[in-house]
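Reading the structure
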Amino acid sequence: MRRLNIFSILTILVLILAACGGNDEGTNTTSNGNSKSENKLVIGFSQPTLESPFYTALIDGAKEEAAKLGAELIVVDAQNDIEKQNSDIQSLITQGIDVLLINPVNPSGVAPSLKAAEQAKIPVIAVDRNTKQDVTSYIGRDNEEMGREAGKKAVELLGGEGKATGKIIEIQGDAGGTVMQARHDGFHEIVEKEAGIEIIEGPYSNYIRAEAVSAMQDLLQAHPDVNLVYAHNDDMALGAIQVLEKSGKLENVNIVGIDGLMEAVKQIKDGKFKATVINDPISLGVLSIQTAVKVGNGETVEKYVDGGTGLIDESNVDQYLDETKKFAEIK
């Protein structure tokens, strides 16, 4: 009987130890000591800023898709500071992420982060803005083509190809940014063909409305005869509208922007805004997570994933107007 009891106790102990061992198999430990599910993909996403409505909407789309696909998403905000972005990414690597999504503050300034990710064997996907260094994939849009679309509309508004005349104020994005440069170059490629058009390049306003308001106040004082404002995003274009409205000049100035911000789309319907080029951030966020999950699962992905675009003006605004959305969706 005593032997039987001892045997029973030993059997129970073995079962308890086996159960504890089974729990350990379901988790692993990241380099900062936190545990994570072995089967759950962890994606780090470094954004240049979360002050812009475009980037907050992009993250909203990414979060929703990550939840749908069962991935964990960690988002960090560089606050337009390349040193902070590199520090943030090092922290993400330390936390044991499986895939890094990066929207660089500066395309070449993130080189230390890409090197660190490479050493840690973490695949990198660039989103919205590409990097100078090679990455697994780039998810974005042809920003030069978006600039061309805005340029064609500007030429049309100022009299048409070969006849266009007037003064354009260009409110630019961020200094050194690849998106800024592409939207600038595409626009200039079209508009500079028109001998009767003069372009005034405004200061960099970092895609932020408040900065564009300040820039536009100075620009309007120096160029009261402006005929059209082209802004590298709708938020800055809306800042320009604010200044023009206050000065009583909006009626005589055409406004063209990029992003398809619903606030801008509504103003196209109202006649204050002439056109915007679609840059649907929600779909970009969704594509980012879908691509990251594929990469994390060892699948091969395209080197460049195009998010698509289009022009919204008075001719088609009703197709895109939806006050439940922050941005117009790709149709």
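Residues numbered from 1 in each chain as written. Predicted model: local features only at pLDDT ≥ 70, side-chain atom pairs only at ≥ 80, totals over all residues. Heavy atoms only, no water.

Turning next to the sheet that holds strand β6 (residues 124–127). The sheet built from six strands is open, its strands ordered β4-β3-β5-β6-β7-β13 with parallel pairing. Edge positions in the sheet fall to β4 (72–77) and β13 (304–306), since each has one partner strand and no second. Going from strand to strand, the sheet's axes swing by 20° on average, the running direction of each strand aside. Here strand β5 (residues 99–102) pairs with β6 via three bridges, running parallel. Bridging from a neighbouring strand, leucine 101 pairs with isoleucine 125 of β6. (Pairing = 2+ DSSP bridges. Helix = DSSP H or I, 4+ residues; strand = E, 2+ residues; numbered from the N terminus. Axes fitted to C-alpha atoms, helices over the stretch in contact; angles between N-to-C directions.)

Before going further, it helps to examine empty space enclosed by the protein. Tallied over the full model, the rule gives two cavities of 30 Å³ or more. Here the largest cavity defines a volume of roughly 80 Å³. Along the walls of the largest cavity sit Ser52, Phe54, Tyr55, Asp128, Arg129, Val179, Arg183, Tyr207, Asn233, Asp259 and Asn279, which together make up its complete lining. For the lining of the largest cavity, the secondary structure elements donating two or more residues are α2 (53–69) and α6 (178–191). (1 Å grid on protein atoms, 1.4 Å probe; cavity = no way out; pocket = protein on both sides within 12 Å on 5 of 7 lines; lining within 4 Å. Points joined across faces, edges and corners; volume = space filled by probe spheres on them.)

This part covers the nonpolar core. In this structure, Ile43, Ile171, Met216, Val229 and Ile255 are the most contacted members of the largest nonpolar core, which totals 61 residues. Those residues in contact with isoleucine 171, other than ones at most four positions away along the chain, are Ser205, Ala212, Met216, Val229, Tyr230, Ala231, His232, Met236 and Ala240. Counting 18 residues, the second-largest nonpolar core is a separate cluster that includes Ile74, Ile93, Ile122 and Tyr138. (Core = buried A, V, L, I, M, F, W, Y, C linked by side-chain atoms within 4.5 Å. Buried < 20%, exposed > 50% of the residue type's maximum accessible area, 1.4 Å probe, protein only. Contact = heavy atoms within 4.5 Å.)

Attention shifts here to the side chain of serine 113. Position of serine 113 among the secondary structure elements: in helix α4 (residues 111–119). Look at serine 113 and you get buried, because its relative accessible area is 2%.

With that out of the way, let us pick up the sheet that holds strand β11 (residues 254–259). What the six strands build is an open sheet, ordered β9-β8-β10-β11-β12-β14; its pairing is mixed. Edge positions in the sheet fall to β9 (196–204) and β14 (311–313), since each has one partner strand and no second. The sheet shows a mean angle of 20° between the axes of neighbouring strands, direction not considered. Along the sheet face, helix α7 (residues 209–222) touches β8 (165–172), β9 and β10 (228–231) and points at about 130° away from the line of β9.

The space that makes up the largest pocket amounts to roughly 170 Å³. Along its surface, the largest pocket is lined by Leu114, Lys115, Glu118, Ile122, Pro123, Val124, Gln133, Asp134, Val135 and Thr136. Broken down by element, the residue count for the lining of the largest pocket peaks at three residues, all from α4. For the lining of the largest pocket, the class distribution of residues is five nonpolar, two polar and three charged. (Nonpolar A, V, L, I, M, F, W, Y, C, P; charged D, E, K, R; others polar.)

To continue, consider the packing of aromatic side chains. Taken as a whole and judged by the stated rule, the model has four aromatic pairs. Following the ring pairs from residue to residue traces out a cluster consisting of Phe54, Tyr55 and Phe327. (Phe/Tyr/Trp six-rings, centres within 6.5 Å; stacked < 30°, edge-to-face > 60°.)

The next point concerns the environment of serine 315. Along the chain, serine 315 falls in the loop between β14 and α11 (317–320). Sequence separation between serine 315 and isoleucine 268 is 47 residues; the distance between their C-alpha atoms is 9.9 Å.

For the coordinates displayed, the defined rule picks out 18 salt bridges. Arginine 129 is the salt-bridge partner of aspartate 174, the closest N and O atoms lying 3.1 Å from each other. In this pair, aspartate 174 sits in the loop between β8 and α6 while arginine 129 sits in the loop between β6 and β7 (137–140), placing the two residues 45 residues apart along the sequence. A salt bridge links aspartate 318 to lysine 269, with the shortest nitrogen-to-oxygen separation between them at 2.7 Å. Residue aspartate 318 is located in helix α11, and its partner lysine 269 is located in helix α9 (residues 262–270); the two are separated by 49 residues in the primary sequence. Taken together, the salt bridges that share partners define one network made up of Glu144, Glu145, Arg148 and Glu189. (Salt bridge = Lys/Arg side-chain N within 4 Å of Asp/Glu carboxyl O.)

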